[in-house]
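# Secondary and tertiary structure notes
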Amino acid sequence: MGKLTVAALRAVLVVVLAGTVFVQALMVWALATDPEVGSLPLNPLRVLTILGMVSAQVALVCVWRLVTMVRRGTVFSHAAFRYVDVVIGAIVAAALVWFAVTALNAPGQRDDPGVTVIMGGVGVAILGVALFVLVLRMLLAQAVARDVEASQMQAELDEVI
């Protein structure tokens, strides 16, 4: 992975992390100062927004660590699985938060249930991303196994020579 690619990815990660922290700060401020008015349950939605941002932040930090491992050439190790597993967990948590938002929003959509169906579909798509990352984890497992096998073969070859 080139230096420019790593720098660009890290810049994106920093911007997204700053954005999520900003949104969290706004939601905490709104929880403390803005009364709940209207038909939507705002405070539960605000809390769910904060939790959704936490799941995104966890994933961002793990991706940062994985990029660091790629840059150092250590990503094909068992240590990388910890970060990939946490990313999968964060994505599943984000999907669960989204389903909770969908459930809170559903009573207000009685006249147009299509919105709730679409929101449910988005939740399923988020779970699909978790499955996609799980497939990538399996590919990483195969690469780590091949790397270990190659190292063993190299050690055997070094003994022969």
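Here the structure is a predicted model, which is why all the values come from computation and not from measurement. (Residues numbered from 1 in each chain as written. Predicted model: local features only at pLDDT ≥ 70, side-chain atom pairs only at ≥ 80, totals over all residues. Heavy atoms only, no water.)

Here helix α4 (residues 114-160) contains 47 residues, and its C-alpha end-to-end distance of 69 Å stays within 8% of the 69 Å for a straight helix at 1.5 Å per residue. Of all the residues in α4, the buried ones are Met119, Gly120, Gly123, Ala130, Val133, Leu140 and Val144. Where the residues of α4 are buried, they touch α3 (79-105). (Helix = DSSP H or I, 4+ residues; strand = E, 2+ residues; numbered from the N terminus. Expected span 1.5 Å × (residues − 1). Buried < 20%, exposed > 50% of the residue type's maximum accessible area, 1.4 Å probe, protein only. Contact = heavy atoms within 4.5 Å.)

Counted under the stated rule, the structure contains two salt bridges. When the shortest N-O distance is used, the salt bridge between aspartate 34 and arginine 46 registers 2.8 Å. Of this pair, aspartate 34 sits in the loop between α1 (3-33) and α2 (42-72) while arginine 46 sits in helix α2; the two residues are twelve residues apart in sequence, bridging distant segments of the chain. Residue classification places aspartate 34 among the partly exposed positions, given a relative accessible area of 37%. Taking the shortest distance from any N to any O, the salt bridge between aspartate 85 and arginine 137 comes out at 2.5 Å. With aspartate 85 in helix α3 and arginine 137 in helix α4, the pair connects residues that are 52 residues apart, well separated along the chain. You can call aspartate 85 partly exposed: its relative accessible area is 35%. (Salt bridge = Lys/Arg side-chain N within 4 Å of Asp/Glu carboxyl O.)

Mean pLDDT over the chain: 92, with 99% of residues reaching 70 or higher. By mean pLDDT, α4 is the weakest element of the chain at 93, and α3 is the strongest at 96. (pLDDT = per-residue confidence, 0-100.)

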